[in-house]
Amino acid sequence: MVIELKGIVKKYFIGKPNELSVLKGMTLGIEAGSFVSIVGQSGSGKSTLMNILGALDRPTEGEYLLDGVAVAQLQDDELSQIRNQKIGFVFQTFNLIPRISALANVELPLFYKGAGRRERRERAMELLRLVGMEDRMEHQPNELSGGQKQRVAIARSLANNPSIVLADEPTGALDTETGNMVMDIFRRIHREERRTIVLITHNEELAKQTDRIITIRDGQIVGDQSTGNKAATPVPPTASPVSPTAAPASCLLSPPSSPASCLLPPPSYQGVRL
Amino acid sequence: MILENIRLALLTMKANKTRAFLTMLGIIIGIMSIITIVVIGDALTDSVSGNFDALGKNNITISVRERGTSGSAMMANFPGRRSQNAKTPETDDLLTDQMIADMRGAFGEDVAGVSMSYSGGEAQARDGARYANVAVSGVNADYQGANNITMLAGSFIAQRDLDSKGNVAVVSDKFVKNMFPGGGSPIGKEVKVYRSDRIEIYTIIGEYESSDAFAGTASERDETTAFYIPLTTAKQDVLEKNFASITVIGAEDGDVQEITERLERFFANYYLGNKDWQVNVSNLSSILDTVTSILGVIQLAFALIGGISLLVGGIGVMNIMVVSVTERTREIGTRKALGALNGQIQLQFVTEAVIITAIGGVLGTLLGVSLGAIAAKVLGAPLSVSPLTILGSVGFSAAIGVGFGLYPANKAAKLDPIEALRYE
Ligand SMILES: Nc1ncnc2c1ncn2[C@@H]1O[C@H](COP(=O)(O)OP(=O)(O)O)[C@@H](O)[C@H]1O
Ligand SMILES: [Mg+2]
């Protein structure tokens, strides 16, 4: 399992008369290499769930293991590093940084990781090629169409080889045709790159194109079904750690070339790289 | 990382040129006024002390002045500046040769010389169509040292010229240019000097270099230069043999201030019984001190104005940065989602503020140095800009960027990523 949620609760206005439970104890596992959709009506808690999955937010209660690492109670900068290296975000409103080129946007996660100029450039170009944006690399976001922006955003989400790609209504701001094209890209990167993708949508048609549909209502999982697409998808050879126990954060943040550090965690937290 | 941030800051600035410039304006004006005043102040101080050195820092002026007036010895040196109702001293009220001789005896080595002069009025030297305007001045030998007169040829008025009361003269280079345009040494040549009531013939024994420090507005052709003749020659036809003012030259290695005070006591003795007149003893260094301290106060006042302007400019930078952070809330949220650490966000915004203030500092320095150079030119003072001033001011403006950029940068760094992403 790349993601394991146990009894996740999210409340707002805690202790006040208007206390609000948005997520009411969610338990959920997502396998590495799967393409999962989360559907539900507006206000059902989809985005709240995604913020927790994406390490942007901490749950009020419950346990969240990402790649076997307990994420729920980490500090701000530790969460930043998790997001940087384990998670790729695709937003409904694209959220490209204005005034810098598509290429520079795709380079950003690599920049924050501390990658060198050349490495950043090569990786970003490779990713833009993957999403078919190689001839728009120097364009700024305001010179791109919605579909093009979302393709750049998808390329950016893949920059640091994340464990999961989280897409919150990625076609919500696009027309049907463009939305389908973006959906095709997701399907392709799932198939070809064996990415784990969590797609949040309220569009049933899009959800049917994924392997598994999780339905939430009022902060609770009310449905979890396989679509049968999965048989067509080969199981990725690079499966996530099976160990249910939480590995230390330093393991997660150590470079992939030194897996030994996962067995013997360093005495202090040294993952911060500027 | 820093370089990337600088590139990004420049990109942001480019996208918002007008705003960036307006933000810089306070810094530009602040740095400009500070640099200008520092440059002007330094130039003035240099030129004032330069002029005073040329006049002689060991000179002590002793002049007779009316009791109860504040007219200084300096004033006495400028005819026509005396107040209208001023009385004229009688012969007995003036400084006598005897007093001077007594003083020399009493002070010995502490006094290197006594410079005396007597103004013989304006005159004109003529030779056919050639002419030169002169101010005839009877002087003694010590006058040269007291007034830093540099000889170009021949020699200055010497004791034997004073003894012989000869019709000899020391003239300026400008005089020579006007009267002997053909070149050749003027030494030994005779010139006719036309005065209001008579014509006199003088033999030139020396040529001195005229200084430009006090050059008037007249063209070089008509400029009046000093025409030095022996004091004794000048006073031959004058009844008044005493002096209203003399200049004592303190010993080179002596304490001018101390000698000044002793001279004051010495001459005060002669005037104890004089109801109307007294002596005033002063030296240039005390005047120089006063002038430089006044300059210092003016400089400080302007620097203060510049400092306030910088403070206002810094607050302006902070203000704009806060606006910028608010405007770019979504961008900040996105950067955080992509994994930016709080410190990286902070650095980005501090860099932006520093870039703005540093560019403002550079522009302000350039403007300040230019204005200072123009002012120095107008004032006729030498321009000197120390690299320390330039480095200091650019560094200081960058520091303002750090100081005033820190608050908005921290604000940006502390934003909650979810709220920032949701910001409309
Ligand atoms: N920061 C917050 N403060 C208070 N309530 C919130 C906050 N964020 C979300 N909510 C509430 O949580 C519920 C679920 O929101 P959300 O997860 O955005 O729903 P969805 O994405 O499924 O439309 C909504 O009722 C919303 O008002
Ligand atoms: Mg939502």
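Quick notes on the rules
Residue indices follow the written sequence of each chain, beginning from 1 at its first position. Chain letters start at A and ligand numbers start at 1, both assigned in the order the entries are written. The predicted origin of the model limits local features to residues at a pLDDT of at least 70 and limits the giving and counting of side-chain atom pairs to 80 or more, whereas totals for whole chains, interfaces and linings rest on all residues. Excluded from the side-chain calculation are hydrogens and water; included are all heavy atoms of the structure. DSSP bridges decide pairing: two strands pair if at least two such bridges lie between them. Numbered from the N terminus, helices here are DSSP runs of H or I no shorter than four residues, and strands are runs of E no shorter than two. Lines fitted to C-alpha atoms define the axes here, with helix axes fitted over just the stretch in contact, and angles between the N-to-C directions of these axes take values from 0 to 180 degrees. Angular relationships are summarised with four words: roughly parallel below 35 degrees, roughly antiparallel beyond 145, roughly perpendicular across 65 to 115, and oblique for the angles in between. By definition, turning the near helix anticlockwise from the far helix through less than a right angle yields a left-handed crossing, and turning it clockwise yields a right-handed one. Only heavy atoms matter for contacts: two residues are in contact if any of them lie within 4.5 Å across the pair. Under this grouping Gly is polar, as are all residues other than the nonpolar Ala, Val, Leu, Ile, Met, Phe, Trp, Tyr, Cys and Pro and the charged Asp, Glu, Lys and Arg. By convention in this text, a residue qualifies as near a molecule or strand provided that one of its non-hydrogen atoms is within 4 Å of it. Under this definition, polar contacts are N or O atom pairs within 3.5 Å; protein pairs additionally need one hydrogen-donor-capable and one acceptor-capable atom, and for neighbouring residues in sequence, both atoms have to be side-chain atoms. Buried, partly exposed and exposed residues are distinguished by accessible area as a fraction of the type maximum, computed with a 1.4 Å probe on protein chains only: under 20%, between the cut-offs, and over 50%, respectively. The arc in question is formed by the directions pointing from the helix axis toward the C-beta atoms. The pLDDT score gives, residue by residue, the confidence of the prediction method on a 0 to 100 scale. The term buried area means the drop in 1.4 Å probe accessible area that two parts suffer when joined, counted for both and summed. By definition, a salt bridge exists where a carboxyl oxygen of Asp or Glu is found within 4 Å of a side-chain nitrogen of Lys or Arg.

**Overview of the pairing of strand S9 (residues 212–217) of chain A**
Residues and elements named next belong to chain A.
Argument step 1. Note: strand S3 (residues 35–39) against S9, 4 bridges, orientation parallel. In the strand pairing of S9, Val36 is matched with Arg212.
Argument step 2. With 6 bridges joining them, S9 and strand S10 (residues 220–226) adopt antiparallel strand pairing. Pairing of Ile216 across the sheet is with Ile221, part of S10.
Argument step 3. If you look at the hairpin formed by S9 and S10, you'll find 2 residues sitting between the two strands, and Asp218 has a positive phi there, around 55°.

**Quick notes on the packing of helix H3 (residues 102–113) of chain A against helix H4 (residues 117–130) of chain A**
Residue and element names in this part refer to chain A.
Argument step 1. With their axes 9 Å apart at the nearest point, H3 and H4 run at an angle of 130° to one another. Taken together, the axis directions place H3 and H4 in an arrangement best described as oblique. Crossing hand, H3 versus H4: right-handed. Where H3 approaches H4, its residues Ala102, Leu103, Val106, Glu107, Leu110, Phe111 and Lys113 are matched on the opposing element by Glu119, Arg120, Arg121, Arg123, Ala124, Met125, Leu127 and Leu128.
Argument step 2. Grouping the constituent residues of the contact of H3 with H4 by class yields 9 nonpolar, no polar and 6 charged.

**Quick word on the site of ligand 1**
Argument step 1. By nearness alone, 13 residues border ligand 1, and Gly43(A), Lys46(A), Ser47(A), Thr48(A) and Arg422(B) come closest of all.
Argument step 2. At 2.7 Å from an oxygen atom of ligand 1 is found a main-chain nitrogen or oxygen belonging to Gly43(A).
Argument step 3. Separating an oxygen atom of ligand 1 from a backbone N or O atom of Ser44(A) is a distance of 3.3 Å.
Argument step 4. Elements with a contribution of two residues or more to the shell around ligand 1: strand S2 (20–30) and helix H1 (46–53) of chain A.
Argument step 5. At 3 residues, H1(A) tops the list of elements feeding residues into the shell around ligand 1.

**Here we look at the sheet that holds strand S5 (residues 69–70) of chain A**
Residues and elements named next belong to chain A.
Argument step 1. Spatially, S2-S1-S4-S5 is the arrangement adopted by the 4 strands of the open sheet, whose pairing is antiparallel. The strands lining the two open edges of the sheet, one partner per strand, are S2 and S5.
Argument step 2. Of the pairings in the sheet, the one linking strand S1 (residues 3–12) to strand S4 (residues 61–66) comprises 5 bridges and is antiparallel in character. Counted as the bridge partner of Glu4 is Leu65 from S4.

**Here's the deal with the sheet that holds strand S1 (residues 59–66) of chain B**
Residues and elements named next belong to chain B.
Argument step 1. Spatially, 4 strands are ordered S2-S10-S1-S11 in an open sheet, and the strand pairing comes out antiparallel. A single partner strand is all that each edge strand has here, and the edge strands are strand S2 (111–115) and strand S11 (277–283). Between one strand and the next, the sheet's axes are offset by a mean angle of 25°, whatever the strand orientation.
Argument step 2. Note: S1 against strand S10 (residues 245–250), 5 bridges, orientation antiparallel. For Ser63, the partnering residue across the bridge sits in S10 and is Ser245.
Argument step 3. Across the face of the sheet, helix H4 (residues 97–107) comes into contact with S2 and S10 while running at roughly 170° to S2.
Argument step 4. Those strands touched by helix H10 (residues 284–327) are S1 and S11, and its axis lies near 70° from that of S11.

**Overview of the pairing of S1(B)**
Residues and elements named next belong to chain B.
Argument step 1. Of all 8 residues in S1, 8 are buried; the element is thus mostly enclosed.
Argument step 2. A two-sided burial pattern is seen for S1, the buried positions comprising Asn59, Thr61, Ser63 and Arg65 on one face and Ile60, Ile62, Val64 and Glu66 on the other.
Argument step 3. Across 7 bridges, the pairing between S1 and S11 is antiparallel. Within S11, the position partnered with Ile60 by the bridge is Asn283.

**Section: H4(B)**
Given 3.6 residues per turn, any residue in an α-helix points the same way as the ones three and four places further on.
Residues and elements named next belong to chain B.
Argument step 1. Among the residues of H4, those classed as buried are Met99, Ile100, Met103 and Phe107. For H4, the buried positions fall inside an angular range of 100° around the axis, keeping them on one side. The outward face of H4, more than 90 degrees from its buried face, is lined by the exposed residues Gln98 and Gly105.
Argument step 2. Looking at the buried side of H4, the elements it contacts are S2, S10 and helix H9 (256–270).

**So, the environment of Ala43(B)**
Residue and element names in this part refer to chain B.
Argument step 1. As for its position among the elements, Ala43 is in helix H2 (residues 17–55).
Argument step 2. For Ala43, a relative accessible area of 1% puts it in the buried group.
Argument step 3. Note: C-alpha distance between Ala43 and Gly380 (337 residues apart in sequence) is 9.0 Å.
Argument step 4. Not counting the four nearest positions on each side in its chain, Ala43 is found in contact with Ala376, Ala381 and Pro382.

**Considering the confidence of the model for chain A**
Residues and elements named next belong to chain A.
Argument step 1. Averaged over chain A, the pLDDT score is 86; the fraction of residues at 70 or greater is 84%.
Argument step 2. Within chain A, the element-level pLDDT minimum falls on helix H9 (residues 260–263), averaging 39, and the maximum on strand S6 (residues 87–90), averaging 97.
Argument step 3. Across residues 232–274 the pLDDT falls below 50, and counting only partners more than four positions away or on other chains, this stretch makes 52 contacts in the model.

**Some words on the side chain of Ser80(A)**
Argument step 1. Take Ser80(A): it is sitting in helix H2 (residues 76–86).
Argument step 2. Residue classification places Ser80(A) among the buried positions, given a relative accessible area of 2%.
Argument step 3. A distance of 3.2 Å separates a polar atom in the side chain of Ser80(A) from the backbone oxygen of Ala340(B).
Argument step 4. Dropping the residues within four chain positions of it, Ser80(A) is found in contact with Gly339(B), Ala340(B) and Leu341(B).

**A closer look at the interface of chain A and chain B**
Argument step 1. Each partner contributes to the interface: chain A provides 27 residues, whereas chain B provides 24 residues.
Argument step 2. Roughly 2,400 Å² of surface becomes buried between chain A and chain B when both sides are summed, with 60% attributable to carbon and sulfur atoms.
Argument step 3. Looking at the side of chain A facing chain B, the largest losses of area belong to Arg99(A), Phe111(A) and Tyr112(A), adding up to 29% of the total buried there.
Argument step 4. Our count for the contact surface shared by chain A and chain B stands at 3 salt bridges.
Argument step 5. The salt bridge involving Glu331(B) is made with Arg99(A); its shortest N-O contact spans 3.6 Å.
Argument step 6. Breaking the side of chain A that touches chain B down by element, the ones donating at least two residues are H2, H3 and H4 of chain A.
Argument step 7. Residue contributions to the side of chain A that touches chain B peak at 6 residues, all from H2(A).

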